[in-house]
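Understanding the architecture of this molecule
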Amino acid sequence: MKQTQIHNEQPPRRYGMAIDVDKCTGCGSCMVACFSENNVPFKQDETDKLLSITWMRVYQLTNGKTFPHTEVAYLPRPCQHCAGQHEGHSPCVSVCPATATDYSADTGIVSQIYTRCFGCRYCMGACPYHARYFNWWDPVWPDGMEKYLSPNVSPRMRGVVEKCSFCFHRYQMARDKAYTEGGRKVQEAEYQTACAQACPAGAIVFGDLNDPSHAVNQIVKPDAHNHYKSGNPRAFRLLERLGTNTKVYYLSSREWVRRSGDNYRADEQPGMPGAAAQHG
Amino acid sequence: MSSHDKYQSHGDSHSSAKAPDEGAYIFLFFLIGFALSMVVGWGVFPTLLYSKKHQPFDFNHKQHLQIVDNGCQSCHFFRTDGSFSGSPRLAQCVGCHNEMQGQSESEKAFFEQYVVQGREVPWLVYSRQPDCVFFSHAAHIHGAKLDCVTCHGHMAASENLKSYEQNRITGYSRDLWGRNISGLKHNSWDRMKMDDCAECHARYQVVHDSSVQTGRDACFVCHK
Amino acid sequence: MKLSRRCFLSFSIGGAVGTALSPLPWKLTDDLSIWSQNWPWTPVPPDGESTYVDSTCMLCPGHCGIRVRKIDQRAVKIEGQENTVLNPGGGVCLLGLSGLQLLYSPTRVKGPLRKIKDDKGLPKWESISWSLAIEEVAKQLMDLRAQGRSHTVASLVGQEDGTVPQLLKRLIKAYGSPHFYHMPSVEDTQGAVLSLSQGIDGFVGLDVENADYILSFGSALLDGFGSPLRMMRAINRLKEQKGTLVQIEPRLSNTAAKADLWLAAKPGTEADLALGMAHVLINQRRFNEDFIYNHTEGFELFAVMVRNSYTPEAVAVTTGIDAATITQTALAFAAAKRPLAIFGHGKGQAPGSMREAAAVNALNALVGNINRPGGLHAMPAYDYIDWPAPFLDGIAYAGFNAKRVDGSGTPSVHRFFEAVDAAPEKLQLLMIAEANPSYSLTGCGKIKQAIKKIPFVVSFSSFMDETAMQADLILPNHLYLERWEDIPMRAGAVRQTVGLCRPVVAPQQNTQHLGDTVIQIAKALKGTVAQSFPWDNYYACLKQTMGNQWQDMNAKGAWEKEPAVVSPEPGFKTESGKLVMMNEPLKKILGAIVPAPEGDEKKFPLQLVAYDSIRLSSGYIGNPPFMNKVLPDTVLKGNEGFVELNPETAGKLGLAEGQSAILTTPHGQVKVRVHLNHGIMPGLLAMARGLGHTAYDGYLSGKGVNTNELIGPVEDPASGLDAAWGIQAILAKA
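Residue numbers here run from 1 along each chain, matching the order of that chain's written sequence. Starting at A for chains and at 1 for ligands, labels are handed out in the order in which the entities are written. Selection of residues for local features in this predicted model requires a pLDDT of at least 70, selection of side-chain atom pairs for listing and counting requires 80 or more, and totals for whole chains, interfaces and linings are taken over all residues.

Digging into the overall build of chain A
- Within chain A, the regular secondary structure consists of six helices and 12 strands.
- The reference for a compact globule is 2.2 Å times residues^0.38; the radius of gyration itself is calculated from the C-alpha atoms. The C-alpha radius of gyration computed for chain A amounts to 19 Å, which stays within 12% of the reference 19 Å derived for 280 residues, consistent with globular compactness.
- Along the longest, intermediate and shortest principal axes, the C-alpha atoms of chain A span 50 × 50 × 35 Å.
- To assign burial, the other C-beta atoms lying within 10 Å of each residue's own C-beta are counted, with C-beta atoms placed from the backbone; 20 or more indicates buried, 12 or fewer indicates exposed, and intermediate counts indicate partly exposed. Relative to its full complement of 280 residues, chain A shows a buried share of 57%.
- Taking the intrachain contacts of chain A between residues at least 6 apart in sequence as the baseline, contacts between residues at least 24 apart amount to 61%. In this description a helix means any DSSP run of H or I spanning at least four residues, a strand means any run of E spanning at least two, and both kinds are numbered starting from the N terminus. Placing C-beta atoms from the backbone, we regard two residues as in contact once those atoms come within 7 Å.

Thoughts on the pairing of strand 16 (residues 456-459) of chain C
Residues and elements named next belong to chain C.
- Here, strands pair whenever DSSP counts at least two bridges between them. Strand direction decides the pairing type here: strand 15 (residues 429-433) and strand 16, joined by four bridges, are parallel. Bridge pairing in strand 16 links Met-431 to Val-458.
- As paired strands, strand 16 and strand 17 (residues 473-474) are joined by two bridges and run parallel to one another. In the sheet register, Ser-459 faces strand 17, and the bridge partner there is Ile-474.

Quick word on the sheet that holds strand 6 (residues 153-157) of chain C
- Read across the open sheet, the seven strands follow the order 5-4-17-16-15-6-7 (chain C); overall the sheet is mixed. Whereas interior strands pair on both sides, the edge strands pair on one side only; in this sheet they are strand 5 (123-127) and strand 7 (179-182) of chain C.

Here's the deal with the domain arrangement of chain C
- Where a domain begins and ends is set by an automatic assignment or by a domain database. Domain annotation for chain C reports domain 1 (5-37), domain 2 (113-186 + 384-560), domain 3 (202-380 + 579-585) and domain 4 (606-733).
- Computed over C-alpha atoms only, the centres of domain 1 of chain C and domain 4 of chain C are separated by 65 Å.

Examining the environment of Ile621(C)
Residue and element names in this part refer to chain C.
- Among the secondary structure elements, Ile-621 is positioned in the loop between strand 22 (606-611) and helix 26 (625-629).
- Assessed through the 24 C-beta atoms surrounding it within 10 Å, Ile-621 is described here as buried.
- Once the C-alpha coordinates of Ile-621 and Leu-59 are considered, the two residues, 562 residues apart in sequence, prove to be 6.9 Å apart.

Considerations on the packing of helix 15 (residues 354-366) of chain C against helix 25 (residues 584-591) of chain C
Residues and elements named next belong to chain C.
- Between N-to-C directions, angles cover 0 to 180 degrees, with each direction set by a line fitted to C-alpha atoms, over the stretch in contact for helices. Helix 25 packs onto helix 15 with a crossing angle of 115 degrees between their chain directions and a minimal axis gap of 7 Å. Seen along the crossing, helix 15 lies across helix 25 with a hand that is left-handed. Along its contact with helix 15, which presents Met-354, Arg-355, Ala-358 and Ala-359, the element helix 25 presents Leu-586, Ile-589 and Leu-590. Helix crossings are classified by the rotation of the near helix relative to the far one: an anticlockwise turn of less than a right angle makes the crossing left-handed, while a clockwise turn makes it right-handed.

Considering the sheet that holds strand 18 (residues 485-488) of chain C
Residues and elements named next belong to chain C.
- The antiparallel open sheet is built from three strands, whose spatial order is 18-19-20. Two strands lie at the open edges of the sheet, namely strand 18 and strand 20 (558-560), each paired on one side alone. Ignoring which end each strand starts from, the neighbouring axes of this sheet average 20 degrees apart.
- Where strand 18 lies against strand 19 (residues 497-501), four bridges are found, and the strand directions are antiparallel. Across the sheet, the residue bridging to Glu-485 is Cys-501, located in strand 19.

A look at the interface of chain C and chain B
- Contacts between the two partners involve 26 residues from chain C and, on the opposite side, 29 residues from chain B.
- Of all the secondary structure elements, the ones that give two or more residues to the side of chain C that touches chain B are helix 1 (5-21) and helix 2 (24-37) of chain C.
- Considering each element in turn, the side of chain C that touches chain B owes the most residues, 12 residues, to helix 1 of chain C.
- Amino acids are sorted into nonpolar (Ala, Val, Leu, Ile, Met, Phe, Trp, Tyr, Cys and Pro), charged (Asp, Glu, Lys and Arg) and polar (every other residue, Gly among them). The residue inventory of the side of chain C that touches chain B, partitioned by class, reads 13 nonpolar, nine polar and four charged.

Overview of the confidence of the model for chain A
Residue and element names in this part refer to chain A.
- Across chain A, the average pLDDT comes to 91, with 93% of residues at 70 or higher.
- What pLDDT conveys is the predictor's confidence in a given residue, as a value from 0 to 100. A low-confidence stretch, residues 1-8 stays under pLDDT 50, and its non-local contacts, those more than four residues away or across chains, total 10 contacts.
- Scored below 50 in pLDDT, residues 273-280 shows 17 contacts in the model against residues more than four places distant or in partner chains.

Topic: the pairing of strand 22 of chain C
Residues and elements named next belong to chain C.
- Most of strand 22 sits inside the fold, with six of its six residues counted as buried.
- Burial of strand 22 is two-sided: the residues Leu-606, Leu-608 and Ala-610 facing one way and the residues Gln-607, Val-609 and Tyr-611 facing the other way are all buried.
- Inspection of the sheet shows strand 22 paired to strand 28 (residues 727-733) by three bridges, in the antiparallel sense. Pairing of Leu-608 across the sheet is with Ile-727, part of strand 28.
- Relative to strand 27 (residues 684-688), strand 22 is paired through five bridges, and the arrangement is parallel. Its bridge partner being in strand 27, Ala-610 is matched across the sheet by Met-687.

So, the confidence of the model for chain C
- In this model, chain C carries an average pLDDT of 94, and 99% of its residues clear a pLDDT of 70 or more.
- Both scores are given for the predicted complex: the pTM is 0.93, the ipTM 0.93.

A closer look at the interface of chain A and chain C
- Each partner contributes to the interface: chain A provides 46 residues, whereas chain C provides 58 residues.
- Those elements that provide at least two residues to the side of chain A that touches chain C are helix 1 (29-37) and helix 4 (194-198) of chain A.
- The biggest single contributor to the side of chain A that touches chain C is helix 1 of chain A, with seven residues.
- Residue composition of the side of chain A that touches chain C, grouped by class: 20 nonpolar, 15 polar and 11 charged.

A closer look at the packing of helix 10 (residues 270-283) of chain C against helix 13 (residues 312-319) of chain C
All names here are of chain C.
- Contact pair helix 10 / helix 13: the axes reach a minimum separation of 9 Å and the direction vectors enclose 165 degrees. Regarding the angle of helix 10 to helix 13, the classification is roughly antiparallel. Here helix 10 runs over helix 13; the crossing is left-handed. For the pair helix 10 and helix 13, contact is made by Asp-272, Leu-273, Gly-276, His-279 and Val-280 and by Pro-312, Val-315, Thr-318 and Thr-319, respectively.
- When its residues are assigned to classes, the contact of helix 10 with helix 13 shows four nonpolar, four polar and one charged. Throughout, the term roughly parallel applies to angles under 35 degrees, roughly antiparallel to angles over 145, roughly perpendicular to angles from 65 to 115, and oblique to all others.

Some thoughts on unusual backbone geometry
- Residue Phe67(A) is joined to Pro68(A) through a cis peptide bond whose omega torsion reads -5 degrees.
- By secondary structure assignment, the location of Pro68(A) is in the loop between strand 2 (57-62) and strand 3 (72-77).
- Of note in this structure, His81(A) is not a glycine but carries a positive phi near 45 degrees.
- Under the C-beta neighbour-count criterion, His81(A) is labelled buried, with 27 such atoms within 10 Å.
- Of note, the phi angle at Lys242(C) is positive, near 60 degrees, even though the residue is not glycine.
- Structurally, Lys242(C) is set in the loop between helix 8 (228-240) and strand 10 (244-248).
- A residue is classified by how many C-beta atoms lie within 10 Å of it, and Lys242(C), with 8 of them, is exposed.

Describing helix 8 of chain C
Residues and elements named next belong to chain C.
- An ideal rise of 1.5 Å per residue puts 18 Å on 13 residues; helix 8 measures up with 18 Å between its terminal C-alpha atoms.
- Counting buried positions over the 13 residues of helix 8 gives 10, a clear majority of the element.
- What helix 8 keeps buried is the set Pro-228, Leu-229, Arg-230, Met-231, Met-232, Arg-233, Ala-234, Ile-235, Asn-236 and Leu-238.
- In this structure, the buried residues of helix 8 make contact with strand 9 (213-219), strand 10 and helix 9 (254-258).
- A positive phi of about 60 degrees marks Lys-242, the residue just after helix 8. Expected helix span is computed as 1.5 Å times (number of residues minus one).

This is the structure in structure tokens:
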């Protein structure tokens, strides 16, 4: 009965990211690109990181060795847009009592509708990646700064949860253009997240994991029959053993970096094939 | 009504004697209460709920439509990036109105207060959706090939602008809920709430099934 | 009939039924739920037509091409241009991205301001008109000129290149003063060495894109050195092509973290390390013989010095890097096809040691990678500004040729302020543009004190920064997003390129282009000064200056000079036509060891260094709120700044992570918190540069510590410029 949209005739899109930890210099431009793209508010004091809203956050990893054998790496963390073990079984989506957060089978993006959210914060408790943030206060822009707010992203209000949307509004805008140009497909370059676009190191690659012509697919080589596990030996996902089946893949040639993606036992290998089979 | 029974069992003849009359009398009060609340609910409440605002000056859609070549899209067009322009900007209007066109009062107001001073006209948009909504004109006009009337009604035939009514609580235009306070509608353009979007999508079998939560359209299709 | 209780009940029930059958409760519920979701005080950004304007970022010396997204008249987002001359790899850094927070900042100066005294005698700002402001400056200048004291006027700019600083320089000359200064930077030192060794007056180009082995002497290549985006891309390319990056630095910076080899040499010994490596190359005859024998002079002298004093063993003791590592690194450097050694600590905001610069230059010469792909390029100075010389009357001539108060060969800002502090009568008026010396110079406490003694200070700042607060008159410049300006690229550029900054939005405040302000002041001064400024306004001046390039520049956003024809001869402009490895001046420089950092080692047993982070803007531009937001909570927590130290050092001091401590240097004492970091040399303390502002608003002011208040300048014995790399310090539990 229900007619699926034209673009669903092809395999559904699955937007995802590959972040090369070895390339990331930890500059933080992705975070600021995200703030300025998504009307993320700021306060005078942002040093309490539990209260600091950062859809994208760059974490510092260290190998824990003493001087001068210390090594550090930087790990940018957007929302991981978990698909779960069966598509859409994201930790946050499955606990939301308000249908404020949703999983789109069409794009693989986990959405958050602020006006729908009533602030119970179950999703924050459910998210293993601390990717969700609660607005404890109404956002305040210093006098005049509200002028730079983008009309494409709704400013949030006190009492709601927000998170990275993979800059979904850019997809909406790109699709508008595609409709106007005869309903063609949205091209890879037309829909890029603000962080991927800004990254001076080119560490973030964004695109459709299901489209072999997209760079992200070529880098990640996801196995659609095995929970999209990567075929790239440099790749790993965060807390992969939880079975969250995330769409953000990290790449590193350093083993200590790959091991920091989860609490592995000494005899375990990061990204073990059997790991994702455990049901979340 | 146990208290009533108890009362009667004590043999209060005074009240029982007058019971039929009093029943009608009491029912009268029921009717008065009912009638009053209906008057308040249907009459007073809507008047109180909406504040009337006037457009900066009057506008004749019908007259303009006779002059332009490309129908509605002459003024309400798609930009090259696929976004919809909405109400026209001053720059478009001055294409013709660089000098006074006629002597009507509204033309005078427009020319003197806006064209001469270079100010944009602060139109009150009847169909303005709240900030959380991403409505794609491109998807509906280019994708689904809908016409303007389906959602906006016969705006093109209007000779005057009706007054803009703003909901005092929500700040929304009255046209979103619809002119009918009970929310009933006869035409597709009578209401513009989310349920109306969904209803139309269901009727024309364009329901997508991308939402895992609802099995319908995913939220991000029309929200931002 | 009486109204009974039943009547009332019945009435109520009737009312309830009626209400339930009316739309009131349902509509009200819906509206209230909407109200609770959309509070009227939550801003709704107005929608409109989306357009893009291309311009050039002016927030750091990198000058990337930016693309600003606008919705109608509002600028809503800054992005990087993609694949243009100014931004060949796309992307944009976090400071560039934060530009709109500066544009719409409430800390901007709203219009011309004059400092007056209120009823209680306290200073306060008074808003004045532009004509009055220009009149006021002109009056002050004319009075001084009439008294024959034109030489007591000075101007300080952020940097000297381009038409706007040159207009100010012209004004100072035509008016009659020798005092024109720019804020010091590593380019001063690089330029001096370039001039000595190659005879070229210009700037150093670093062909990082083509190098395959980069030996960085503490340059924050991934933290904002030179042109930050370009450096990042180059390092990425280097890694992709399996090249090598060696970072010499006592702290594991972002650059060191990405390096293939991190050499934590003791701070201040980098020159020795370079000379130790030179020793290895010479001793093992691994230098480029063709280049050395055919294109250099003074090699033997240099070799003798290096052989005698810089054996790897001796250098190992000085630097703390073992001799084997020094030898291996030097050999790997020489074995590379296109090795490049880079001088300049951190972002390069301080000139640094001439000896180190000369030593690093010698390393590049030894491998012969000078003016060749992947090497160090001698870039001639920009010469597109070919205005006729200004008219000088008698006063101007005498004043311009008067002795400068700093007395040194090259103008030194630190010495200048020292002289002013010592003899305030020598300076009557100072004009400051695009610089914030009261905050960003080492030993800024003293600078502040000197500025206070100057009778009349004019600031052209767009922001109420520390120096502007001290001014008597502020004539605010447009912000870069509101103005036209030519931007000659330096910062290690290997091709002469002039970027164009163009207005993205109309001026947001009652500001005026600095170029126009200078021209108006000159015209108000009349006589030869006015004659020297024939332009009606700045835009006309810019257009005329760019001449034939103007249209091209306007279309492309930049004008790229045709690269010089590559010739097999390196083209040195010295007397001998060869690169000077060693002569008397260079010998002096290579022997001129920078004095040890200030402070008695017994009283101050630790050493404090300031480090640069790309997340902190530490120059004229104050850190925007977005950048403060991404500071780690181990750099700033609440309003407290952190000092980093090795857990070993912390253990000795009895300090634990996050604990409060008192940090004391010969320049001051502050309360800090400690952050333990294995990636820092034991015995060393490190603090981020760019915090501790006292001006601006609550988003920046009072947060953390300004390292320039703790670390004073150390004069380089060769250049007279600031070569401080740190200071002796003591840290104790609070």
